[in-house]
Amino acid sequence: MADTTMAHFHGDPHHLRSLEGSGLAHSGPAAKRIVTGYGFWIFILSDMVMFSAFFATYAVLLGQTAGGPTGRDLFSLRNVAIETGLLLASSFTCGLASIAADFRSTIWFQIAMAVTCALGLGFLAIEAREFADLVARGAGPTRSAFLSAFFTLVGCHGLHVSAGILWLLTMMAQVFAKGFRADIQRRILCFALFWHALDIIWVAVFTVVYLLGSAK
Amino acid sequence: MSSGYDESTDNIDVAPGDEHLEAGSLAQRVGGYLVGLGLAILLTATSFFVAGTDLVWQPSIPVALVVLAIAQMGVHLVFFLHISTGADNTNNVLALAFGVLIVILLIGGSLWIMANLNHNMMPMDQLMQMQR
């Protein structure tokens with residue numbers, strides 16, 4: 001804000017004001033919210049690059065079952081459908097939470113975040129049960145290269161969701177204690193980016209791992 | 001916009017995840033998320049249906065699933081992450097394009113190299129016999 005007023009004060013020697021709206025004008029450094037959000041966007045993209053390495057590993061090791069069970073023998077699509085529904089709904093409520101934060105409605109923000117948290121925990125519970133079930137059936141990560149890659153890829157996504165839930169609870173506490181200050185708003189923006197990105201990665205997971213894995 | 005952050009009065013760029021400053025009222029913004037949710041549910045349901053059905057020509061199923069997944073990622077990007085084609089979004093889109101390039105190179109390259117190796121490598125049992 002301060003820089004834009006300054007720029008207007010010093011006149012406009014290069015007639016950049018006429019470019020306004022064309023996206024070419026410059027009025028000093030971008031607002032901190034934009035810089036922070038952009039930096040976090042870069043982090044998310046690098047996280048996706050990391051996930052793509054796990055996806056590549058999984059795709060290469062898909063056939064290396066060492067005589068053990070394949071995906072078709074193991075995966076329950078019903079579970080995956082429930083997990084997908086939970087995560088998609090949590091992405092939606094997370095969007096509602098960021099709208100509530102924009103409108104500075106503490107009550108709706110806390111409600112939407114609490115629902116997001118509950119849905120995320122439901123997702124994690126189903127995933128944990130699936131993993132425990134696989135290990136109990138002798139299909140743990142040590143069984144074959146295929147299962148190692150499977151547990152690494154899906155488990156890494158699960159770890160991200162766990163970290164996201166910790167972050168979510170932190171944001172609820174920070175809004176409770178400090179209100180919607182500008183820095184808290186920036187953290188909420190980054191959290192929402194993170195949570196939506198997790199859902200995008202889950203789309204790739206359920207398609208590549210579960211649907212393609214159990215197709216004939 | 002009736003809401004506001006104290007800082008983002010600059011209309012040249014918009015932070016990734018933020019809607020455009022003229023995004024509109026509460027109802028319009030919630031409506032945007034509802035449209036995204038509806039499209040995502042539709043695409044997900046189609047994916048699960050296609051994976052389990054016998055109605056579709058079987059060899060086309062993997063391609064269909066991949067296309068549906070990419071479409072759903074696009075829906076998430078547009079309706080949830082608010083990545084748009086507007087001039088205020090150029091930086092975000094360019095970063096995304098670079099990310100997608102690296103992801104394609106990484107996955108495509110790995111699969112290509114490993115398939116090539118598999119093709120050129122002697123079968124394991126023959127290799128074992130030679131070492132005996």
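Residues numbered from 1 in each chain as written. Chains lettered and ligands numbered in written order. Predicted model: local features only at pLDDT ≥ 70, side-chain atom pairs only at ≥ 80, totals over all residues.

**Let's talk about the overall build of chain B**
Here's step 1: Check the secondary structure of chain B and you find four helices and zero strands.
Here's step 2: When its helices and strands are written in sequence order, chain B yields α-α-α-α.
Here's step 3: Considering chain B as a whole, with its 132 residues, one finds that 23% of them fall into the buried category.
Here's step 4: Across chain B, the fraction of contacts at a sequence separation of at least 24, relative to all contacts at a separation of at least 6, is 57%. (Helix = DSSP H or I, 4+ residues; strand = E, 2+ residues; numbered from the N terminus. Buried ≥ 20, exposed ≤ 12 C-beta atoms within 10 Å, placed from the backbone. Contact = placed C-beta atoms within 7 Å.)

**Some words on the overall build of chain A**
Here's step 1: Each helix and strand in chain A was counted, giving seven helices and zero strands.
Here's step 2: Going residue by residue from the N terminus, the α and β elements of chain A occur as α-α-α-α-α-α-α.
Here's step 3: Counting the 216 residues in chain A, one finds 39% classified as buried.
Here's step 4: Across chain A, every contact between residues at least 6 apart in sequence was considered, and the portion connecting residues at least 24 apart equals 79%.

**Re the interface of chain B and chain A**
Here's step 1: At the interface, 52 residues of chain B touch 52 residues of chain A.
Here's step 2: Taken together, the elements giving at least two residues each to the side of chain B that touches chain A come down to helix 1 (26-52), helix 2 (61-80) and helix 3 (90-120) of chain B.
Here's step 3: Here the side of chain B that touches chain A gets 13 residues from one element, more than from any other, and that element is helix 3 of chain B.
Here's step 4: A per-class count over the side of chain B that touches chain A returns 30 nonpolar, 15 polar and seven charged. (Nonpolar A, V, L, I, M, F, W, Y, C, P; charged D, E, K, R; others polar.)

**A look at the packing of helix 4 (residues 77-102) of chain A against helix 1 of chain B**
Here's step 1: Contact pair helix 4 of chain A / helix 1 of chain B: the axes reach a minimum separation of 10 Å and the direction vectors enclose 170 degrees. By the criterion of interaxial angle, the relationship of helix 4 of chain A to helix 1 of chain B is roughly antiparallel. Residues Leu77(A), Ala81(A), Thr84(A), Leu88(A), Phe92(A), Gly95(A), Leu96(A) and Ile99(A) of helix 4 of chain A lie in contact with helix 1 of chain B, whose contacting residues are Leu26(B), Arg29(B), Val30(B), Tyr33(B), Leu37(B), Ala40(B), Ile41(B), Thr44(B), Phe48(B) and Gly52(B).
Here's step 2: Of the residues assigned to the contact of helix 4 of chain A with helix 1 of chain B, the class counts are 13 nonpolar, four polar and one charged. (Axes fitted to C-alpha atoms, helices over the stretch in contact; angles between N-to-C directions. Parallel < 35°, antiparallel > 145°, perpendicular 65-115°, else oblique.)

**Some points on the environment of Cys190(A)**
Residue and element names in this part refer to chain A.
Here's step 1: Its place among the elements puts Cys190 in helix 7 (residues 182-214).
Here's step 2: Residue classification places Cys190 among the buried positions, given that 21 C-beta atoms sit within 10 Å.
Here's step 3: Look past the residues within four positions of Cys190 in its chain and what remains in contact with it is Thr36, Gly37 and Phe40.

**Brief notes about the domain arrangement of chain B**
Reports often express the size of an interface as the amount of accessible area lost when the parts come together.
Here's step 1: For chain B, the assigned domains read domain 1 (17-84) and domain 2 (86-132).
Here's step 2: Taking only C-alpha atoms into account, the centre of domain 1 of chain B sits 26 Å from that of domain 2 of chain B. (Domains from an automatic or database assignment.)

**What about the environment of Gly158(A)?**
Residue and element names in this part refer to chain A.
Here's step 1: Summarising the element assignment, Gly158 is placed in helix 6 (residues 145-178).
Here's step 2: What makes Gly158 partly exposed here is the crowd of 19 C-beta atoms within 10 Å.
Here's step 3: Sequence-wise, Gly158 and Ala132 are 26 residues apart; in three dimensions their C-alpha atoms are separated by 14 Å.
Here's step 4: Excluding residues within four positions of it along the chain, Gly158 makes contact with Leu124 and Glu127.

**Quick look at unusual backbone geometry**
Residue and element names in this part refer to chain A.
Here's step 1: Phi angles above zero are rare outside glycine, and Arg104 is one such case at about 55 degrees.
Here's step 2: Along the chain, Arg104 turns up in the loop between helix 4 and helix 5 (106-136).
Here's step 3: On the basis of neighbour count, Arg104 is assigned to the partly exposed category, with 14 C-beta atoms found within 10 Å.

**Some words on the nonpolar core**
Here's step 1: By size, the foremost hydrophobic cluster in this structure holds 76 residues, and its most contacted members are Leu193(A), Val205(A) and Val209(A).
Here's step 2: Elements with a contribution of two residues or more to this core: helix 2 (32-61), helix 4, helix 5, helix 6 and helix 7 of chain A together with helix 1 and helix 2 of chain B.
Here's step 3: The greatest single-element share of this core, amounting to 21 residues, is contributed by helix 7 of chain A.
Here's step 4: Excluding its chain neighbours within four sequence positions, the residues that come into contact with Leu193(A) are Phe40(A), Trp41(A), Ile44(A), Pro16(B), Gly17(B) and Leu81(B). (Core = buried A, V, L, I, M, F, W, Y, C linked by C-beta atoms within 7 Å.)

**A word on the confidence of the model for chain B**
All names here are of chain B.
Here's step 1: Averaged over all residues, the pLDDT of chain B is 85; the fraction at 70 or higher stands at 89%.
Here's step 2: Within chain B, no element has a lower average pLDDT than helix 4 (residues 124-131), which sits at 76, and none a higher one than helix 2, at 94.
Here's step 3: ipTM for the predicted complex: 0.83, alongside a pTM of 0.85. (pLDDT = per-residue confidence, 0-100.)

**Structural notes on helix 4 of chain A**
Each full turn of the α-helix corresponds to 3.6 residues, which orients residues three or four apart in the same direction.
Here's step 1: Taking 1.5 Å of rise per residue, 26 residues should cover 38 Å, and helix 4 of chain A covers 38 Å from first to last C-alpha, within 8% of that figure.
Here's step 2: The element helix 4 of chain A is extensively covered by neighbouring structure, given that 20 of its 26 residues are classed as buried. (Expected span 1.5 Å × (residues − 1).)

**Here we look at helix 6 of chain A**
Residues and elements named next belong to chain A.
Here's step 1: With 34 residues, helix 6 extends 48 Å from end C-alpha to end C-alpha; this agrees with the ideal 50 Å at 1.5 Å per step.
Here's step 2: For helix 6, every residue scored as buried is listed here: Phe146, Leu147, Ala149, Phe150, Leu153, Val154, His157, Val161, Gly164, Leu168, Met171 and Val175.
Here's step 3: Buried residues in helix 6 make contact with helix 2, helix 5 and helix 7.
Here's step 4: Just downstream of helix 6 lies Gly179, where phi reads positive at about 75 degrees.

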